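Listed below, chain by chain, are the residues.
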Amino acid sequence: AAGVIQSPRHLIKEKRETATLKCYPIPRHDTVYWYQQGPGQDPQFLISFYEKMQSDKGSIPDRFSAQQFSDYHSELNMSSLELGDSALYFCASSLGTAEGMNTEAFFGQGTRLTVV
Amino acid sequence: LAKTTQPISMDSYEGQEVNITCSHNNIATNDYITWYQQFPSQGPRFIIQGYKTKVTNEVASLFIPADRKSSTLSLPRVSLSDTAVYYCLVVSMDSNYQLIWGAGTKLIIKP
C-alpha cells in the first residue's frame, strides 16, 4: 500500500542557507502534519494543514513556513538555517473529517537535515 | 492537552507478554488514547487507539479503566523486533489530531 513519501531522505546544508522539505501524503488523505525530532528527543509538532489550509500551529520557528498544495502535497521551507535545526523532520498524513476528529496519522520515513 | 507519564525504559524477554502503563490524570471527556511505536531513525507507527474499556487489534491490546486516568498497552509474546520506543498520547477530538509527544518508553527485548 502507498505510504507517506518524504524527500529528500537526507539533506546537508550550511548555516544561513535555506532548505525545502517535501511530503507526499497517502492518496486521498487531506491532512498533513509536520514534526521535528532532535537527536534523542521526542517528536515536536510544528504545523498541520487540512484541505490546503493551516489547521494548527505548534512550535514552528518564524524562519520556517509551510504550505499544502492543490494536490495535497506539502512543503516545509526553512530559511536562515541554524545548527540547532539539525533533526529528523517527519511528515504524517491522515484523513480528516468535517468535525475535526481525524483517524490515525501515518508517518513518513523522515528527512534527516544536518546543518553544518 | 493532557500530559502523559510513562516509564522511561523496560526490559523483557522474547515470548513474554509486555504491559506498558501510561498515566494521563488530566484526560478530558473529548480525549482518546493512542499508542505509537518508533524504531530508530524511522517515523512513528500507529499501534492502537481507544476511548474506554478494552480495544484489541492484531498487534496489541489497550486496557483503559473506567476513570480513564491511565491506560495499559499489552504486547503479547514479544520478539526481538519489538525493541523500540513506545509513545502514549492523549489526543483531543477537538485538536485536529495535533499529537503532543511525551517521553516514550524504550522497550528492550532480550533473547
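This is a predicted model, so every value here is computed, not measured.

## Looking at the overall build of chain A
For chain A, the count of helices and strands is zero helices and eleven strands. Mapped in sequence order, the helices and strands of chain A form the string β-β-β-β-β-β-β-β-β-β-β. Computed over the C-alpha atoms, the radius of gyration of chain A is 13 Å, within 12% of the 13 Å expected from 2.2 N^0.38 for a compact globule of 116 residues. Seen along its three principal axes, the alpha-carbon backbone of chain A occupies a region of about 40 × 30 × 25 Å. Expressed as a percentage of its 116 residues, the buried residues of chain A come to 48%.

## Re the side chain of Arg68(B)
All names here are of chain B. By secondary structure assignment, the location of Arg-68 is in the loop between strand 6 (61-64) and strand 7 (70-75). As a buried residue without a salt bridge, Arg-68 has its nearest oppositely charged side chain in Asp-31, at a separation of 5.8 Å. If we ignore the near neighbours within four places in the chain, the residues touching Arg-68 are His-24, Ile-27, Ala-28, Thr-29, Asp-31, Tyr-32, Ile-33, Tyr-51 and Lys-52.

## Some words on the state of the cysteines
In the structure shown here, the tally under the stated rule is two disulfides over all chains. There is a disulfide in this structure between Cys23(A) and Cys91(A), and the S-S distance comes to 1.7 Å. In this structure the cystine formed by Cys23(A) and Cys91(A) twists about its S-S bond by roughly -55°; its chirality is therefore left-handed. One end of the pair, Cys23(A), is in strand 3 (residues 19-24); the other, Cys91(A), is in strand 9 (residues 87-94), and 68 residues separate them in sequence. An identical accessibility class is assigned to Cys23(A) and Cys91(A); each is buried. Disulfide partner of Cys22(B): Cys88(B), at an S-S distance of 2.2 Å. Between Cys22(B) and Cys88(B), the S-S torsion sits near -80°, and that sign places the bridge as left-handed.

## Some thoughts on the nonpolar core
The biggest cluster of nonpolar side chains holds 22 residues, and the ones touching the most others in it are Leu21(A), Trp34(A), Leu76(A), Met78(A) and Tyr89(A). Every element with two or more residues in this core is listed here: strand 3, strand 4 (31-37), strand 5 (44-50), strand 7 (64-68), strand 8 (74-78), strand 9 and strand 11 (111-115) of chain A. If we ignore the near neighbours within four places in the chain, the residues touching Tyr89(A) are Gln6(A), Leu21(A), Tyr35(A), Gln36(A), Leu46(A), Phe64(A), Leu76(A), Met78(A), Gly110(A), Thr111(A) and Leu113(A). Of all hydrophobic cores here, the second largest spans 20 residues; its members include Cys22(B), Ala60(B), Ile64(B) and Val78(B).

## Considering the sheet that holds strand 1 (residues 9-13) of chain B
Residue and element names in this part refer to chain B. If you walk across this open sheet you meet the five strands as 1-9-8-3-4, and the pairing is mixed. The open sheet has two free edges, formed respectively by strand 1 and strand 4 (45-50), since each of these has just one partner strand. The mean inter-strand angle of the sheet, taken between neighbouring strand axes irrespective of direction, is 25°. Two elements, strand 3 (residues 31-38) and strand 4, share five bridges in a ladder whose sense is antiparallel. Residue pairing for strand 4: Gln-37 is matched across the bridge by Arg-45.

What counts, and at which threshold
- Residues numbered from 1 in each chain as written.
- Chains lettered and ligands numbered in written order.
- Predicted model: local features only at pLDDT ≥ 70, side-chain atom pairs only at ≥ 80, totals over all residues.
- Heavy atoms only, no water.
- Helix = DSSP H or I, 4+ residues; strand = E, 2+ residues; numbered from the N terminus.
- Rg over C-alpha atoms; globule rule 2.2 N^0.38 Å.
- Buried < 20%, exposed > 50% of the residue type's maximum accessible area, 1.4 Å probe, protein only.
- Lys, Arg positive; Asp, Glu negative; His and termini not counted.
- Salt bridge = Lys/Arg side-chain N within 4 Å of Asp/Glu carboxyl O.
- Contact = heavy atoms within 4.5 Å.
- Disulfide = S-S within 2.5 Å.
- Core = buried A, V, L, I, M, F, W, Y, C linked by side-chain atoms within 4.5 Å.
- Pairing = 2+ DSSP bridges.
- Axes fitted to C-alpha atoms, helices over the stretch in contact; angles between N-to-C directions.

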